[in-house]
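Take a look at the letters that make up each chain.
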Amino acid sequence: MKYQSLRITLTTEERKELEKIVRSGTAQAKEIRRANILLSVDESGGRKRMKDVVVAHMLGTTPQTVCQVKKDYLRNPRKVDSIKRKKRETPPVPAKIDGNVEAHIIAIACSNPPAGYGRWTLRLIADRMVELDYIDTISHTAVGKTLKKLV
């Protein structure tokens, strides 16, 4: 199989760091599993090479995961950091409600309700926000979450 060809050789420092992560048990489960994978496929010091399928079965994961962990390890300049989760640089969807929109929601909620109503409802606030062109669209639940955040 293709994914058997990647060879991992850990340095003594890397091995100690990975063993510390596994032993302490304070890291995320995914990080501990990835550390165990790297420790299992390590060929340094004359250790016998284990096949990816065997490592995957032993650790309760898939051979593809073992291969991906090995690839990540080989690509990363700080090798041991390859087991950590990669942080997103930006959120997947930009926030629609910023400070300016929040201020308008609060201003509307604090003003007098429209004629025929005793108080502002979330739907009325959402409709007024769109009507006054403060935002293109907004749901009443987004208005409610914004107001609840302030309480």
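Refer to the structure printed above.
Conventions used here
Residues numbered from 1 in each chain as written. Predicted model: local features only at pLDDT ≥ 70, side-chain atom pairs only at ≥ 80, totals over all residues. Heavy atoms only, no water. Helix = DSSP H or I, 4+ residues; strand = E, 2+ residues; numbered from the N terminus. Rg over C-alpha atoms; globule rule 2.2 N^0.38 Å. Buried < 20%, exposed > 50% of the residue type's maximum accessible area, 1.4 Å probe, protein only. Patch = residues over 30% accessible without salt bridge, like charges linked within 9 Å, V, L, I, M, F, W, Y side chains within 5 Å. Areas by Shrake-Rupley, 256 points an atom, 1.4 Å probe, with all protein chains shown as cover. Salt bridge = Lys/Arg side-chain N within 4 Å of Asp/Glu carboxyl O. Lys, Arg positive; Asp, Glu negative; His and termini not counted. Charge placed at Lys NZ, Arg CZ, Asp CG, Glu CD. Contact = heavy atoms within 4.5 Å. Expected span 1.5 Å × (residues − 1). Arc of directions from axis to C-beta.

Sorry if this is basic, but what is going on with the overall build of the chain here?
The secondary structure content of the chain amounts to 7 helices and 0 strands. Listing every helix and strand of the chain by position from the N terminus yields α-α-α-α-α-α-α. Taking 2.2 N^0.38 as the reference for a compact globule, 151 residues should give roughly 15 Å; the C-alpha atoms of the chain span a radius of gyration of 27 Å, well beyond that estimate. The dimensions of the chain, computed from C-alpha atoms along their principal axes, are 85 × 35 × 25 Å. Burial analysis of the chain (151 residues in total) assigns 33% to the buried set.

Would you take a moment to explain a positive patch on the surface for this structure?
A contiguous patch of positive charge on the surface is contributed by Lys30, Arg85, Lys87 and Arg88. Note that lysine 30 resides in helix α2 (residues 29-41). Judged by its relative accessible area of 54%, lysine 30 falls in the exposed class.

Is there a simple way to explain the environment of alanine 35 in this structure?
Examined against the element boundaries, alanine 35 turns out to sit in helix α2. Take alanine 35: its relative accessible area is 0%, and that puts it in the buried class. Each C-alpha atom of the pair alanine 35 and arginine 15 lies 9.2 Å from the other, and the pair is 20 residues apart in sequence. Setting aside chain neighbours within four positions, we find alanine 35 in contact with Leu18, Ile21, Val22 and Ile83.

In this structure, what is going on with helix α5 (residues 99-110)? I would like to understand it.
Note that an α-helix has 3.6 residues per turn; residues three or four places apart therefore point the same way. Its 12 residues place the ends of α5 16 Å apart at the C-alpha level, agreeing with the 16 Å of an ideal helix rising 1.5 Å per residue. Where α5 is concerned, the buried positions are Val101, Glu102, Ile105 and Ile108. Across the axial projection of α5, the buried residues extend over an arc of 125°, all falling on one side. Exposed residues lying more than 90 degrees from the buried face of α5 are Gly99, Asn100 and Cys110.

So, to be careful, I would describe these as geometric facts and stop short of saying anything about function.
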